[in-house]
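Close look at the chain arrangement
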Amino acid sequence: METKILKTDDESIAEAGRIAAQGGLVAFPTETVYGLGASAYDETSVARIYAAKGRPSDNPLIVHIADISDIDRLAESVSAEARRLTEAFMPGPFTIILKKSPLVPDAVTAGMDTVGIRFPENDTAQRFIRAAGVPIAAPSANLSGKPSPTEAKHVIDDMTGRIDAVIDGGSCSVGVESTIVDASGAVPVVLRPGGVTYEELTAVVPETVIDPHILESIGEGERPKCPGMKYKHYAPDAEVTVIEGAMDAVKKKIDELLLKNSGKVCGVLTMSDNAYDSAVILCAGKTNREYAKNLFSCLREFDKLGAEIVFAEFEERDGYGLAVRNRLYKSAAQRVIRV
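Residues numbered from 1 in each chain as written. Predicted model: local features only at pLDDT ≥ 70, side-chain atom pairs only at ≥ 80, totals over all residues. Heavy atoms only, no water.

- An unreviewed UniProt entry annotates the chain as Threonylcarbamoyl-AMP synthase originating from Candidatus Ornithomonoglobus merdipullorum.
- Per its UniProt entry, the chain bears the Sequence similarities (unreviewed entry) comment "Belongs to the SUA5 family."
- A UniProt comment under Subcellular location (unreviewed entry) is attached to the chain, and it reads "Cytoplasm". (UniProt positions renumbered as here; feature names shortened; annotations may be inferred.)

Now the structure itself:
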């Protein structure tokens, strides 16, 4: 299959919309990461998403819209709390889970009675969804388990020959996936932290709580209610270990680990001015917000640089810390050393 690389001009967006409307797969930029989209109403196209990514069939997809009124078509009911959250954070890096309407195929929701709905603020994403004329079901546009793509070249590396088209819309501004809140029950629950912080959510709905699985994987026999809860995610080819704590102690521990692994190509992902001998060093940024934006591209770069082991510095510094920890812990398969 030939994968077309499209630009963001009106003609290209119209072509991307036609491809999706006719059953094709189109990768498109959002403010968070690149999504791999297909018509949310076409079960055959949705099945192609799972096949292209190598994605487990019990991992649900998020439905992307370009008009907030579409929520009332896709959801069976919307609580007062859910209304307040959608009014505050849509369009934006935010996904809400609600009881699904009969319009949403089971293939999108992995057979569950709830659906995740997102209204991205990225202009190219909105134009593409409108051009398609249907809601777009989309996970991240990468091979399952790999770091999510934040530039078109990441999508091209993973998905060339597997999908019909990629819209090259430049770099994503947030860099980690949307915050997901389950508002299908009595109390809103954060299932995945992202571009909207917990502090921002509770300022709108104080009752909002955090699911304990955010920093650990759910059990083998449990069904994930949203993407990213169950399976290994965001992982480069290198083995990642997170070193978490005050930076002086983190530096000391990483120096010890580099010495122990002196026969291997080691990488260090930093958020400091720490210098390390005999290591490939990449800086993700000095704030958690910068770390979130650059994390996935850095993990992909370590693979290109041949790193076998990556030690990732981490220190809680701002409201984006939970989102960074969530992604780091999953990329490291829970290999975390606290110092």
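More follows now that the structure is in view.
**Overview of the UniProt feature "binding site: ATP" (unreviewed entry) in the chain**
- Here, the residues flagged by UniProt with the feature "binding site: ATP" (unreviewed entry) are Arg55, Asn59, Thr114, Arg118, Ser140, Ser148, Arg192 and Tyr234. Considering the C-alpha atoms alone, the annotated residues occupy 180 residues of sequence and remain spread out, their largest mutual distance being 24.6 Å.
- Within the secondary structure layout, Arg192 lies in strand β10 (residues 189–192).
- Overall, Arg192 belongs to the buried group, its relative accessible area being 6%.
- Here the side chain of Arg192 touches Ser178 through a polar contact of 2.9 Å, landing on its backbone oxygen.
- Note on placement: Tyr234 falls in the loop between β11 (209–210) and β12 (239–244).
- The contact partners of Tyr234, leaving out residues within four places of it in the chain, are Gly145, Lys146, Pro147, Ser148, Glu177, Arg192, Phe296, Leu299, Asn326, Arg327, Lys330 and Ser331. (Helix = DSSP H or I, 4+ residues; strand = E, 2+ residues; numbered from the N terminus. Buried < 20%, exposed > 50% of the residue type's maximum accessible area, 1.4 Å probe, protein only. Polar contact = N/O pair within 3.5 Å; in protein donor to acceptor, adjacent residues only side chain to side chain. Contact = heavy atoms within 4.5 Å.)

**A look at the environment of Ile281**
- By secondary structure assignment, the location of Ile281 is in strand β14 (residues 280–283).
- On a C-alpha basis, the gap between Ile281 and Cys266 in space is 8.8 Å, while along the polypeptide they are 15 residues apart.
- When sequence neighbours within four positions are dropped, the list of residues in contact with Ile281 reads Val268, Thr270 and Tyr276.

**A closer look at the packing of aromatic side chains**
- For the coordinates displayed, the defined rule picks out three aromatic pairs.
- With a centroid separation of 5.6 Å and an interplanar angle of 45 degrees, the aromatic rings of Phe89 and Phe94 are classed as tilted.
- Using a relative accessible area of 13% as the deciding quantity, one classes Phe89 as buried.
- On the numbers, 6.3 Å between centres and 65 degrees between planes, the contact of Tyr291 with Phe314 is edge-to-face. Separated by 23 residues along the polypeptide, Tyr291 in helix α10 (residues 288–304) and Phe314 in strand β15 (residues 309–314) bring together distant segments of the chain.
- When its relative accessible area of 0% is taken as the criterion, Phe314 is described as buried. (Phe/Tyr/Trp six-rings, centres within 6.5 Å; stacked < 30°, edge-to-face > 60°.)

**So, the packing of helix α1 (residues 10–21) against helix α6 (residues 123–132)**
- Running from N to C, α1 and α6 point in directions that differ by 50 degrees, and their axes come no closer than 7 Å. The angle between α1 and α6 places the two elements in the oblique class. At the point where α1 passes α6, the crossing takes the right-handed sense. Contacts from Asp10, Ile13, Ala14, Ala16, Gly17, Ala20 and Ala21 of α1 reach α6 at Thr124, Arg127, Phe128, Ala131 and Ala132. (Axes fitted to C-alpha atoms, helices over the stretch in contact; angles between N-to-C directions. Parallel < 35°, antiparallel > 145°, perpendicular 65-115°, else oblique. Left-handed = near helix turned anticlockwise from the far one by under 90°.)

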